[in-house]
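Observations on chain architecture
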Amino acid sequence: MKLPEISSLFKDAIALLRKLIATPSFSREEDQTANIIEEFFNQRLIAVERLGNNVFVRNKYYHSGKPTILLNSHHDTVKPNSGYTRDPFDPSIEGEQLFGLGSNDAGGCLVALIAAFLHFCERKDLKYNIVFAASAEEEISGHNGITALLPAIGAIDFAIVGEPTLLKMAVAEKGLMVLDCVANGMAGHAARDEGENAIYKAIKDIEWFRTFSFTKKSDLLGPVKMNVTLINAGTQHNVVPASCSFVVDIRTTDCYTHEEILEIISGAVSATVTPRSIRLRSTSIPIQHPLVQAGLALGLEPFGSSTLSDKALMPFPALKMGPGDSARSHMADEYIYCTEIQQGIATYIQLLNAVL
């Protein structure tokens, strides 16, 4: 890789990222950033395909008879939290820090993967097709994001998913299951010994969620983690509540299916338990996979990730990796180091070179 080329790719990547930061792109409202990404490729005479707010491109010599690698990251963001002291849409650079909402999660990964795609786009001798996709609705695991996009792309053999991991290889990732639970009692007057207080019944179940430990622990992902995160009950102070609802956030591992976890919980608590979805499962890519082996040869560190990404919705091997730090995601005054993006471009290219 020639130094002038990566310098040019880096310059364009930073310019694109600053445009994206300056344009609000909350989940389900990403149309303007989709337009920016689409125009970026149009200016380079690369044929663009679009599905809703998902934008994707194929390498110049794409051939349906070849296996395909997907390069994917998302361009939607969460809404800025109340702790911001800076304008979240001002892509200012101070020293090596580029500030702004979505700079770290996952704008740096997005533009670094675009740069890597451009590096390989016009090569004739590739063993694989390369498709780059900027997807929508990742932050809410929406149905109009990667789930809708994958059938439009066609068969994919494996993927690199751009998320901030300090350029470590997330070879495994925890899944997510959210439960809506309802403890049922009987209404009565609070001044008399009437009714059955649903809050007290819920407290027993909540204590079970707090203290229960699943027997099996994953080598890469550790234990299944459960947290009660929302609770709601009562209508007024003098009425014994007939129901108490609460929400449980469960981070799952490869040791249990979601169905097995549900069976254990349903047998232990008295509340009715309803999962919002069971589609966001724990995933992994084998250490023996050529992409992972290429990363190990480059000195990249493998680990198991506790955070969720669109990797959970991919029915093929996928490696999550990218510049930036997951600890900065969703924080106030979000930022990424420009040097991280530059290193991300170089690392993605080196990794792909090893398999292409």
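Sequence order as written defines the numbering, with residues in each chain counted from 1. Owing to the predicted nature of the model, reporting of local features is limited to residues with pLDDT of at least 70; listing and counting of side-chain atom pairs is limited to 80 or more, with chain, interface and lining totals taken over all residues. Only hydrogens and water are set aside when side-chain values are computed; all heavy atoms of the structure are taken into account.

A word on helix H5 (residues 198-211)
Keep this limit in mind: Note on conventions: DSSP H or I runs of at least 4 residues are helices, E runs of at least 2 residues are strands, and numbering of each starts at the N terminus. Expected helix span is given by 1.5 Å per residue-to-residue step, counting one fewer step than there are residues. Note on exposure labels: buried denotes an accessible area under 20% of the residue type's maximum, exposed denotes more than 50%, and partly exposed covers the range between, all computed with a 1.4 Å probe on protein chains only. The directions from the helix axis to the C-beta atoms are what the arc is built from. Side-chain atoms alone can form a polar contact between residues adjacent in sequence; in general such a contact is a pair of N or O atoms within 3.5 Å, and within protein one must be able to donate a hydrogen while the other accepts it.
In this model H5 runs 20 Å from its N-terminal to its C-terminal C-alpha over 14 residues, within 8% of the 20 Å that 1.5 Å per residue would give. Of the residues making up H5, those classed as buried are Ala-198, Ala-202, Asp-205, Trp-208 and Phe-209. End-on, the buried residues of H5 take up no more than an arc of 115°, which puts them together on one face. Turned more than 90 degrees away from the buried face of H5, the exposed residues are Tyr-200, Lys-204 and Arg-210. With a side-chain oxygen positioned 2.8 Å from the backbone nitrogen of Ile-199, the residue opening H5 is Asn-197.

Quick notes on the sheet that holds strand S5 (residues 97-99)
Note the threshold: If DSSP finds at least two bridges between two strands, the strands pair. In this description, contact between two residues means that some pair of their heavy atoms is separated by no more than 4.5 Å. The axes used here are C-alpha line fits, helices contributing only the stretch in contact, and every angle between their N-to-C directions lies in the interval 0 to 180 degrees.
Spatially, the 3 strands line up as an open sheet ordered S4-S5-S18, and their pairing is antiparallel. Looking at the sheet topology across the chains shown, the edges are occupied by strand S4 (93-94) and strand S18 (335-337). Pairing of S4 with S5 involves 2 bridges; the strand directions are antiparallel. Paired with Ile-93 across the two strands is Leu-98, which belongs to S5. Relative to the sheet, helix H3 (residues 103-120) contacts S5 and S18, its axis offset from that of S18 by approximately 40°. Contacting S4, S5 and S18, helix H8 (residues 338-355) crosses the sheet at an angle of about 60° to S18.

Describing the packing of helix H7 (residues 290-297) against H8
Selection criterion: Each angle is binned into one of four classes, with values under 35 degrees roughly parallel, values over 145 roughly antiparallel, values of 65 to 115 roughly perpendicular, and all other values oblique. Two helices crossing with the near one rotated counterclockwise from the far one by less than a right angle form a left-handed crossing, whereas a clockwise rotation gives a right-handed crossing. Basically, the charged four are Asp, Glu, Lys and Arg, the nonpolar ten are Ala, Val, Leu, Ile, Met, Phe, Trp, Tyr, Cys and Pro, and anything else, Gly included, counts as polar.
At their nearest, the axes of H7 and H8 sit 9 Å apart, and the two run at 125° to each other. Here H8 runs oblique to H7, going by the angle between their axes. Read as a crossing pair, H7 and H8 show a hand that is right-handed. Contacts from Pro-290, Leu-291, Ala-294 and Gly-295 in H7 reach Leu-351, Ala-354 and Val-355 in H8. Considered class by class, the residues forming the contact of H7 with H8 number 6 nonpolar, 1 polar and no charged.

Looking at the layout of surface pockets
Stated precisely, the cut-off is as follows: A cavity, in this analysis, means grid points on a 1 Å lattice covering only the protein atoms where a 1.4 Å probe fits yet has no way out; a pocket is instead an open set bounded by protein on both sides within 12 Å along at least five of seven lines, and a residue lines either one if it has an atom within 4 Å of a point. Grid points are joined across faces, edges and corners, and a volume is the space filled by probe spheres set on the points.
Quantified by volume, the largest pocket comes out at close to 400 Å³. In this structure, the largest pocket is lined by 23 residues; those nearest its centre are Asp-105, Glu-163, Thr-307, Leu-308 and Ser-326. The residue inventory of the lining of the largest pocket, partitioned by class, reads 5 nonpolar, 10 polar and 8 charged. Estimated volume of the second largest pocket: approximately 330 Å³. In terms of lining, the second largest pocket is formed by 16 residues, of which the most central are Ile-140, Ser-141, Leu-176, Val-178 and Leu-280. Those elements that provide at least two residues to the lining of the second largest pocket are strand S9 (175-184) and strand S13 (243-252). With 3 residues, S9 is the largest single contributor of residues to the lining of the second largest pocket. Here the lining of the second largest pocket is composed, by residue class, of 6 nonpolar, 5 polar and 5 charged.

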